[in-house]
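# Structural features, examined
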Amino acid sequence: MENREFEKYLTYNENNKKIKVAVAMSGGVDSSTVAYILKKQGYDLIGVTMRTCNPEDSDAKKVCDDLGIPHYVLDATKEFKTVVMDYFVNEYLQGKTPNPCMVCNKHIKFGMLIEFARSLGADFMATGHYTQLKDGVLSMGDDLNKDQVYFLSQMNKDNLKYVMFPIGDLEKPKVRELAEQLGVRVYAKKDSQEICFVEDGKLKEFLLEQTRGKAGKKGNIVTTDGKILGKHNGLSFYTIGQRKGLGIAQEKPLYVVELDSKNNCVIVGDNELLFKDELLARDINLISVDKVEELDGKICWAKTRSRDRLHKCQLKLQENGNIKVKFLEEKVRAITPGQGVVFYDEEKKVLGSGFII
């Protein structure tokens, strides 16, 4: 890509000097690049970083020093432990597969951190998320391999007016290219691990430690008609759709189709049983609509995981405020309780989201 193709990200505007922007700095390439391009555009910048489960990345401070902008740290360790980590562990103990990023974004990153940024006088908080705001509404970014709007869909929509996503229309390789061109010190830095408070590949050890062994409570692996096939090592270590690592030998492949926390059983069955034509969602958060009643009967598209494709569906509001999602064109495989379900309109703007029951 020639330099001029980055021109719109690097063009100075005198009027931006009057606008104070806090860049949410993680120390990674995305947020660091955002800081560099907003500096080029003339904004009055500060950097803000959250201290959550680990010591904050020193690269965030170094990048701020490179740019000559102030760097502030918000200590959110207590709230992060209560709101995110404890939720994460409790969901696993109930046989669910949680989505900690959705909860963190709602309460911590796009809750506490925005409040912190505004307390420092910022008009906006900018992040390196691959998402866009269209008409003030969360919308998918152009890099469909990194649909981060899925993880943001539980945030308070009132906070959207304070948010900027300067690289939401770029793909990750182009961000690295732009970062290298700008001389960003972390342009080649690897992406962060999947769950910031769990070392990659160490989920089992983490859950056993956090639950003092409760997560490892053994139980039966059973078929859908109740036949016992073997023992499991704790519901938390299995997920819907899993086939390998079950420790059972059968003539045909069997998959985890349900985690029965009441009876502490892993229920297995044929692959066909993983395909469902509907789901129920709770904790509905609204983005582009004002009342949940507006979703009743709505035909839209849904994702049941971040890397899922869009499935056409119709929403039905339940008396208790939950929403039933009926898939219209195809059944969806391995719908997993605890994960988020996000509703999009035909322009890929977010209508709202919930958590799968």
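Residues numbered from 1 in each chain as written. Predicted model: local features only at pLDDT ≥ 70, side-chain atom pairs only at ≥ 80, totals over all residues. Heavy atoms only, no water.

Quick look at the overall build of the protein chain now. Each helix and strand counted, the protein chain has eight helices and 19 strands in total. Dimensions of the protein chain along its principal axes, counting C-alpha atoms only, are 70 × 45 × 40 Å. Looking at the protein chain as a whole, 51% of its 357 residues are labelled buried. When the accessible surface of the protein chain is totalled, it reaches about 17600 Å², and 45% of it is carbon and sulfur. (Helix = DSSP H or I, 4+ residues; strand = E, 2+ residues; numbered from the N terminus. Buried < 20%, exposed > 50% of the residue type's maximum accessible area, 1.4 Å probe, protein only. Areas by Shrake-Rupley, 256 points an atom, 1.4 Å probe, with all protein chains shown as cover.)

The sheet built from five strands is open, its strands ordered β3-β2-β1-β4-β7 with parallel pairing. Taken across any chain shown, the strands that pair with only one partner, and hence form the sheet edges, are β3 (71-75) and β7 (163-164). The pairing of strand β4 (residues 124-126) with β7 spans two bridges and is parallel. Its bridge partner being in β7, M125 is matched across the sheet by V163. (Pairing = 2+ DSSP bridges.)

The description of two aromatic rings rests on the distance between their centres and on the angle between their planes. Enumeration over the complete set of coordinates arrives at seven aromatic pairs. With 5.6 Å between their ring centres and 50° between their planes, F197 and F206 make a pair best called tilted. Taken together, the ring pairs in this structure connect F80, F88, Y92, F197 and F206 into an aromatic cluster. One Lys or Arg, R118, reaches over the ring of Y162 and ends 3.9 Å from the middle of that ring. A cation over an aromatic ring shows up here: K204 above the ring of F237, its NZ or CZ 5.3 Å from the ring centre. (Phe/Tyr/Trp six-rings, centres within 6.5 Å; stacked < 30°, edge-to-face > 60°. Lys NZ or Arg CZ within 6 Å of the ring centre and 35° of its normal.)

With five bridges joining them, strand β2 (residues 44-51) and β3 adopt parallel strand pairing. Bridging across to β3, T49 finds its partner in V73. A crossover links β2 with its parallel partner β3, the connecting element being helix α3 (residues 58-67), and its sense is right-handed. (Right-handed = clockwise from strand over helix to strand, strands pointing away.)

Below, the discussion takes up the pairing of strand β6 (residues 137-140). In the sheet, strand β5 (residues 131-134) pairs with β6 via four bridges, with the strands oriented antiparallel. Residue Q132 lies in a different strand from β6, and its bridge partner there is S139.

Moving on: the pattern of salt bridges. Tallying each qualifying case throughout the model produces 24 salt bridges. Of the charged contacts in the structure, one is a salt bridge between K172 and D191, with a shortest N-O distance of 2.5 Å. Taken together, the residues K172 in helix α7 (residues 172-182) and D191 in the loop between α7 and α8 (203-210) connect sequence positions 19 residues apart. On the basis of relative accessible area, K172 is assigned to the buried category, the value being 8%. Between R282 and D283 there is a salt bridge, with the nearest N and O atoms lying 2.2 Å from each other. Residues joined in a network through salt bridges with shared partners are D30, K172, R176 and D191. (Salt bridge = Lys/Arg side-chain N within 4 Å of Asp/Glu carboxyl O.)

Looking now at unusual backbone geometry. Within the chain, N264 stands out as a residue other than glycine whose phi angle is a positive 55°. Along the chain, N264 falls in the loop between β10 (255-260) and β11 (265-269). Of the residues examined, N264 reaches a relative accessible area of 13% and is grouped as buried.

Here, UniProt's "site: Interaction with tRNA" (unreviewed entry) annotation points to H129 and Q339. Secondary-structure assignment places H129 in the loop between β4 and β5. H129 has contacts with N105, K109, F110, Q148, L152, F165, I167 and G168, leaving out every residue within four places of it along the chain. In this structure the side chain of H129 is engaged in a polar contact, spanning 2.7 Å, whose partner is the side chain of T127. Position of Q339 among the secondary structure elements: in the loop between β17 (332-333) and β18 (340-344). Excluding residues within four positions of it along the chain, Q339 makes contact with T97, P98, N99, Y150, T304, G354, F355 and I356. (UniProt positions renumbered as here; feature names shortened; annotations may be inferred. Contact = heavy atoms within 4.5 Å. Polar contact = N/O pair within 3.5 Å; in protein donor to acceptor, adjacent residues only side chain to side chain.)

A separate point is the sheet that holds β11. Taken in spatial order, the four strands make up an open sheet running β9-β8-β11-β10, and their pairing is mixed. What marks the edges here is a single partner per strand, and that holds for β9 (228-232) and β10. Between one strand axis and the next, the sheet turns by 30° as a mean value, whatever way the strands run. When strand β8 (residues 219-223) meets β11, the two strands line up parallel, connected through four bridges. Bridging across to β11, T223 finds its partner in V268. (Axes fitted to C-alpha atoms, helices over the stretch in contact; angles between N-to-C directions.)

This brings us to the UniProt feature "domain: tRNA-specific 2-thiouridylase MnmA-like C-terminal" (unreviewed entry) in the protein chain. Those residues carrying the UniProt feature "domain: tRNA-specific 2-thiouridylase MnmA-like C-terminal" (unreviewed entry) are residues 277-356 in this numbering. Taken as a whole, residues 277-356 contains 0% helix and 50% strand, while its terminal C-alpha atoms sit 14 Å from one another.

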